[in-house]
Amino acid sequence: MNLCDYDSIRELLGRHGFHFSKSMGQNFLIDPQVPRDIAASSGADAACGVLEIGPGIGPLTAELAQRAGKVVSVELDKALLPVLAETMAPYPNVEIVPGDVLKLDLNALAAEKFQGLRPIVCANLPYNITTPVLTKLIETPCFETITVLIQKEVAQRLAAPQGSSDGGAFSLFLQYYMETELLFDVPREKFLPAPKVTSAVLRCVRRQRPAVEVEDESFFFQVIKGAFLLRRKTLANSLAAALPFDKAAIQAALSDCGLSADIRGERLTLRDFAGLAARLGRL
């Protein structure tokens, strides 16, 4: 069965009485080259165990199954389970796990399902859960690479150079742990139903050690989040609103770090934030 053919998809879904759920952000790929390219970009091979999130009817799952040692796909929508049972029947190395990926213990899942295999992630993520899912994947250290199809605007922010106006607190959080690369765009007409925006594939490779050394990781991220609390204000004003320090003390810390008094948080790199957090931590 061609899982990217419009008529085949309509017939399959109609036979199973399936209806798209807007709340679940369901958009199925209808160009076979796209899942093929995503799977190839993931680097999956026979030594890999691939975690997929939201397989839909399985076009990306099938491509991954032809490359990886094993594919475990987590699907929240119970209505898709009988569909996947049919479409994934030709692939004995695919296992469908019903459930909410945000509620699963992914370390335990990988340890159980991917014994002897190198765990990676490859998924067409629903737009509405991109940030929480990426956060959970970043905080699950067994996954060496994460390759995801997400909204293009979000992908651009997450891959933005440090110190540019396109980045933010979450992009710095991601880049602290991972090296990011924006691979290619996927136009809206490649999906059924078509979303309102263009998508893009983002690849993240886990660093052997974080991008910078910090004295207190929790406080370091607190400073980063505080820097973007009042994004259109100066860094000193934003940090004064977020942290228990007066503005004069913050300005003194900025000066000690060689940063101007009127700089905004978006202009700082991870190294800048590491130095600033260390200086503020001594107050």
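In this report, the structure presented in the accompanying data block is examined.

### Description of the overall build of the protein chain
Alright, step 1. The number of helices and strands found in the protein chain is 12 helices and nine strands.
Alright, step 2. Among the 283 residues that make up the protein chain, the fraction classed as buried is 48%.
Alright, step 3. The contacts in the protein chain between residues at least 6 apart in sequence include a share of 68% that link residues at least 24 apart.
Alright, step 4. For the protein chain, the accessible area works out to roughly 12900 Å², and carbon and sulfur atoms hold 50% of it.
Alright, step 5. When the 30 positive and 32 negative side-chain charges of the protein chain are each reduced to one mean point, those points stand 4 Å apart.

### Remarks on the packing of helix H10 (residues 235-242) against helix H11 (residues 247-256)
Alright, step 1. The geometry of H10 relative to H11 is characterised by a closest axis approach of 9 Å and an angle of 130 degrees between their N-to-C directions. On the basis of their axis angle, the class for H10 and H11 is oblique. Seen from above, H10 lies across H11 with right-handed handedness. Facing H10, whose interface residues are Leu 235, Ala 236, Asn 237, Leu 239 and Ala 240, H11 presents Lys 247, Ile 250, Gln 251 and Leu 254.
Alright, step 2. Within the contact of H10 with H11, the residues separate by chemical class into six nonpolar, two polar and one charged.

### Some remarks on the sheet that holds strand E9 (residues 199-206)
Alright, step 1. What the seven strands build is an open sheet, ordered E4-E3-E2-E5-E6-E9-E7; its pairing is mixed. In this open sheet, the two strands that pair with only one neighbour each are strand E4 (94-98) and strand E7 (178-186). Neighbour-to-neighbour, the strand axes of the sheet open up by a mean angle of 20 degrees, direction not taken into account.
Alright, step 2. In the sheet, strand E6 (residues 145-151) pairs with E9 via seven bridges, with the strands oriented antiparallel.

### A word on the environment of Arg 207
Alright, step 1. Inspection of the secondary structure assignment puts Arg 207 in the loop between E9 and helix H9 (217-227).
Alright, step 2. Residues Arg 207 and Ala 40 lie 167 residues apart in sequence; the distance between their C-alpha atoms is 21 Å.
Alright, step 3. Beyond its immediate stretch of four places on either side in the chain, Arg 207 contacts Gln 175, Tyr 176, Tyr 177, Met 178 and Glu 179.

### Looking at the layout of surface pockets
Alright, step 1. If you add up the space inside the largest pocket, you get close to 480 Å³.
Alright, step 2. Along the walls of the largest pocket sit 33 residues, with Met 24, Gly 25, Gly 54, Asn 124 and Pro 126 positioned nearest its centre.
Alright, step 3. Among the secondary structure elements, those contributing two or more residues to the lining of the largest pocket are strand E1 (28-29), strand E2 (48-53), helix H3 (59-65) and strand E3 (70-75).
Alright, step 4. Residue composition of the lining of the largest pocket, by class: 19 nonpolar, 10 polar and four charged.
Alright, step 5. What lines the second largest pocket is a set of 14 residues, and nearest its centre among them are Lys 22, Gly 25, Gln 26, Asn 27 and Tyr 127.
Alright, step 6. Among the residues forming the lining of the second largest pocket, the class breakdown is six nonpolar, six polar and two charged.

The rules we used
Residue positions within a chain follow its written sequence, with the count starting from 1. Only residues with pLDDT of at least 70 get local features here, since the model is predicted, and only at 80 or more are side-chain atom pairs given and counted; chain-wide, interface and lining totals rely on the full set of residues. Processing note: side-chain calculations cover all non-hydrogen atoms of the structure and skip hydrogens and water entirely. A helix here means a DSSP run of H or I that spans at least four residues, while a strand means a run of E at least two residues long, and both kinds are numbered starting from the N terminus. Exposed residues in this analysis have more than 50% of their type's maximum accessible area, buried residues have under 20%, and partly exposed residues fall in between, with area computed by a 1.4 Å probe over protein chains only. By the convention used here, residues are in contact when the closest approach between their heavy atoms is within 4.5 Å. Under the convention used here, a 1.4 Å probe and the Shrake-Rupley method define accessible areas, while residue burial counts only the protein chains that appear. Residues scored as charged are limited to Lys and Arg (positive) and Asp and Glu (negative), so that His and the chain ends carry no count. Think of each charge as sitting on NZ of Lys, CZ of Arg, CG of Asp or CD of Glu. Axis geometry follows a simple rule: fit a line to the C-alpha atoms, using only the stretch in contact for helices, then measure angles between N-to-C directions, giving values from 0 to 180 degrees. We call two directions roughly parallel when the angle between them is under 35 degrees, roughly antiparallel when it is over 145, roughly perpendicular when it lies between 65 and 115, and oblique otherwise. Each crossing gets its hand from how the near helix is turned against the far one by less than a right angle, where anticlockwise is left-handed and clockwise is right-handed. Note that Gly is not counted as nonpolar here; it falls among the polar residues with everything else outside the nonpolar set of Ala, Val, Leu, Ile, Met, Phe, Trp, Tyr, Cys and Pro and the charged set of Asp, Glu, Lys and Arg. DSSP bridges decide pairing: two strands pair if at least two such bridges lie between them. A pocket, in this scheme, is an open set of points on a 1 Å grid over the protein atoms alone with protein on both sides within 12 Å along at least 5 of 7 lines, while a cavity is a set where a 1.4 Å probe fits but cannot get out; residues line either one if an atom lies within 4 Å of a point. Grid points are joined across faces, edges and corners, and a volume is the space filled by probe spheres set on the points.

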